[in-house]
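Observations on the three-dimensional arrangement
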Amino acid sequence: MPFRLQVRFWIGALVVTVGVLWLLRGILLPFVAGIALAYFLNPIVERLSRIGVGRTLSSLLIVGMFILVVVIFLLVVLPLLSSQLFEFIQNLPSYVTRLQGLVTDENREWINHFFGDRLPDVQRSLADLMSQGVTYMLGFLTSLWSGGQALLSVFALVVVTPVVVFYVLCDWDHMLDTVDSWIPLHQKPVVQRLGKEMDLAVAGFIRGQALVCLILGSFYAVGLTMAGLNFGLLIGIVSGLITFIPYVGSLTGLVLAMGVAIVQFFPDWTMIGVILGIFITGQTIEGYILSPKLVGDSIGVHPVWLMFALFAFGYLFGFVGLLLAVPLTAAAGVLVRFGFSQYFHSPLYTGEEIPEDENAQAMEHR
C-alpha cells in the first residue's frame, strides 16, 4: 500500500474514532471504567492463573473482592465524605471572607505601607480573584459532573461496570490475539514493539500512580483528622486523589488545608505548623520514596503535557476524558518518539539519498 494512502487511512480512522467517542460520550463511562479497571486488575488474574486457578474463577474472585471494597466504601466512607463536602461548600464563602479579613485587618499597617490609598482596590481585586478561582473550580467540577451524569443513570455505572470488568478479564488473552491478527503482516514486528512500549508506559504510570494516590490519601486523611482539622477526612482523600495530576494535586491540597487551618487555628501558629508539616512529610515521602519506586519515568511524557491532557480531556469528555487522558497521552508519547526516530534517520533530516535496497533493509530492521 502506498505511503500516502496509509497516512490517509490512519488519519481517517483517527477522525472516525474521535467522532464516535464524541457522539457516544454520554454512555461510555461504564464501559471505559470497566475496561480501565480490567486493565488495572489483569496482573492479579494472571498471577492466579499461573498458580493453577482458572481464569474465569480468578476473574470472578477479583471482581467479587472489588465489589466488596466498593460496598464498604459506599457504606462507611462515602456518608462521611458527603456530609463534609456539603458542609464545606456551605462554609466556603465565610472561609474566604475570613481569610481576606485576616490578610487585611491583622496586618493593616504593614499593608498600608506598601499599598497606601490603593488598599481598597487591592481588597476588591483579591476578592474578585478568589471568587473567580472558586467559580473556575466549580465550573470544571460541573463539567466533570455533567459528563459523568450523561449516562443512563448512576445505577448503570454500578451494575454495568462490574459486568464489563468480568467479561474483559475472562476474554483478555483472546481479545489481544484478535487485535494482533488484524495487524498487517509486514508491519507486525514494529506495531508489536510499539504496543509493548505503550503497555509499559501506561501500566507503569497508572498502577504505580494509583498506589501513590491511595497511600498519600490515607496518610493525609488520617494525619489531618488526628490533627483536628475541620474537613480533614475530605481534604486528605481529595489531596490524595488529585495527586494523579502532577504538582497541581499536591499544591491544591496544601492550599485547601492551609486555608482551613489558618481560619480555624489562627493565631495558634503551632497547629498551623502541624498541618504544614503533615503536607511537607507527605510530599517528602512521595518525592523520595513512593514516586521513584512505584512510578519512576515510566510514562515518558513531560508533566506539563500530562496536565494539559487531563484538563483538556476532562473538559471535553467529563470523567470519561480523565480515564482516557493518561493512556492516550502515553500512547501518543510512544508514537511521537517513534516518529522522531524515523525522522532523524530519514533523508528529510540528513539530506542524504538512501538507495532503495538499503532503505528497504533499514525499514525491515526497524
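Residues numbered from 1 in each chain as written. Predicted model: local features only at pLDDT ≥ 70, side-chain atom pairs only at ≥ 80, totals over all residues. Heavy atoms only, no water.

Description of the overall build of the chain
Secondary structure summary: the chain contains 15 helices and zero strands in total. Split into buried and exposed, the 366 residues of the chain put 31% on the buried side. In the chain, 72% of the contacts between residues at least 6 apart in sequence involve partners at least 24 apart. Carbon and sulfur atoms make up 72% of the accessible area of the chain, which totals about 22900 Å². (Helix = DSSP H or I, 4+ residues; strand = E, 2+ residues; numbered from the N terminus. Buried < 20%, exposed > 50% of the residue type's maximum accessible area, 1.4 Å probe, protein only. Contact = heavy atoms within 4.5 Å. Areas by Shrake-Rupley, 256 points an atom, 1.4 Å probe, with all protein chains shown as cover.)

Observations concerning the pattern of salt bridges
In total, this model carries four salt bridges according to the counting rule given. A salt bridge links E46 to R55; its shortest N-O distance comes to 3.4 Å. The class for R55 is buried, based on a relative accessible area of 16%. In this structure, R193 engages E197 in a salt bridge whose closest nitrogen and oxygen atoms are separated by 3.3 Å. Placement of the pair is R193 and E197 together in helix α8 (residues 188–226), with a separation of four residues, close to one helical turn. On the basis of relative accessibility, which here comes to 34%, the residue E197 falls in the partly exposed class. Via salt bridges that share partners, E46, R55 and D173 belong to a single interconnected network. (Salt bridge = Lys/Arg side-chain N within 4 Å of Asp/Glu carboxyl O.)

A look at helix α2 (residues 29–50)
For α2, spanning 22 residues, the distance from its first C-alpha to its last is 31 Å, which sits close to the expected 32 Å at 1.5 Å a residue. Where α2 bends most, the angle comes to about 45 degrees, and this point is L41, followed within four residues by the proline P43. Of the positions making up α2, those classed as buried are L29, P30, V32, A33, G34, A38, Y39, L41, N42 and V45. Just beyond α2, the residue with positive phi is G52, at close to 110 degrees. (Expected span 1.5 Å × (residues − 1). Bend = angle between axes of the 7 residues up to and from the residue.)

A word on a nonpolar patch on the surface
A contiguous nonpolar surface patch, about 820 Å² in accessible area, is contributed by V16, V20, W22, L23, L24, I27, Y315 and L316. Elements that contribute at least two residues to the nonpolar patch include exactly α1 (3–23) and α12 (303–317). No other element matches the four residues that α1 contributes to the nonpolar patch. With respect to the helices and strands, W22 occurs in helix α1. Overall, the relative accessible area of 38% leaves W22 in the partly exposed class. (Patch = residues over 30% accessible without salt bridge, like charges linked within 9 Å, V, L, I, M, F, W, Y side chains within 5 Å.)

Focus: the confidence of the model for the chain
Residues at a pLDDT of 70 or more form 75% of the chain, whose mean pLDDT is 75. Ranking the elements of the chain by mean pLDDT puts helix α15 (residues 356–365) last, at 50, and helix α9 (residues 232–241) first, at 84. Here residues 147–152 scores under 50 on pLDDT; set against residues more than four positions off or in separate chains, the count is eleven contacts. (pLDDT = per-residue confidence, 0-100.)

Details of the environment of E87
Inspection of the secondary structure assignment puts E87 in helix α3 (residues 55–105). As a C-alpha pair, E87 and F231 span 144 residues in sequence and 8.5 Å in three-dimensional space.

Concerning α12
Between its terminal C-alpha atoms α12 stretches 21 Å, which fits the 21 Å expected from 15 residues at 1.5 Å a residue. Restricting attention to buried positions, one finds in α12 the residues L306, M307, A309, L310, G314 and F317. For α12, the angular spread of buried residues about the axis comes to 160 degrees, placing them on one side. Facing away from the buried surface of α12 by more than 90 degrees, the exposed residues are W305, F308 and Y315. (Arc of directions from axis to C-beta.)

Some thoughts on the packing of aromatic side chains
Each aromatic ring pair is specified by the distance between its two centres and by the angle formed by the two planes. Per the counting criterion, the structure on display carries six aromatic pairs. Judged by centre distance (5.5 Å) and plane angle (85 degrees), the rings of F266 and W269 are edge-to-face. Feature note: the residues F219, Y220 and F279 constitute an aromatic cluster, connected by ring pairs. (Phe/Tyr/Trp six-rings, centres within 6.5 Å; stacked < 30°, edge-to-face > 60°.)

Overview of the nonpolar core
Among the nonpolar cores identified, the biggest contains 26 residues, and L224, L229, F231, I235, V260 and I275 are the most heavily contacted of them. Among the elements of the structure, α3, α8, α9, α10 (248–265) and α11 (269–295) are those that each provide at least two residues to this core. Per-element tally for this core: the top contributor is α10, with six residues. If near-sequence neighbours (up to four positions away) are discounted, F231 is found in contact with Q84, E87, F88, N91, Y95 and V260. (Core = buried A, V, L, I, M, F, W, Y, C linked by side-chain atoms within 4.5 Å.)

Brief notes about the side chain of K188
Tracing the sequence through the fold places K188 in helix α8. Polar contacts involving the side chain of K188 include one to the main-chain carbonyl oxygen of D180, which spans 3.4 Å. Beyond its immediate stretch of four places on either side in the chain, K188 contacts D180 and I183. (Polar contact = N/O pair within 3.5 Å; in protein donor to acceptor, adjacent residues only side chain to side chain.)

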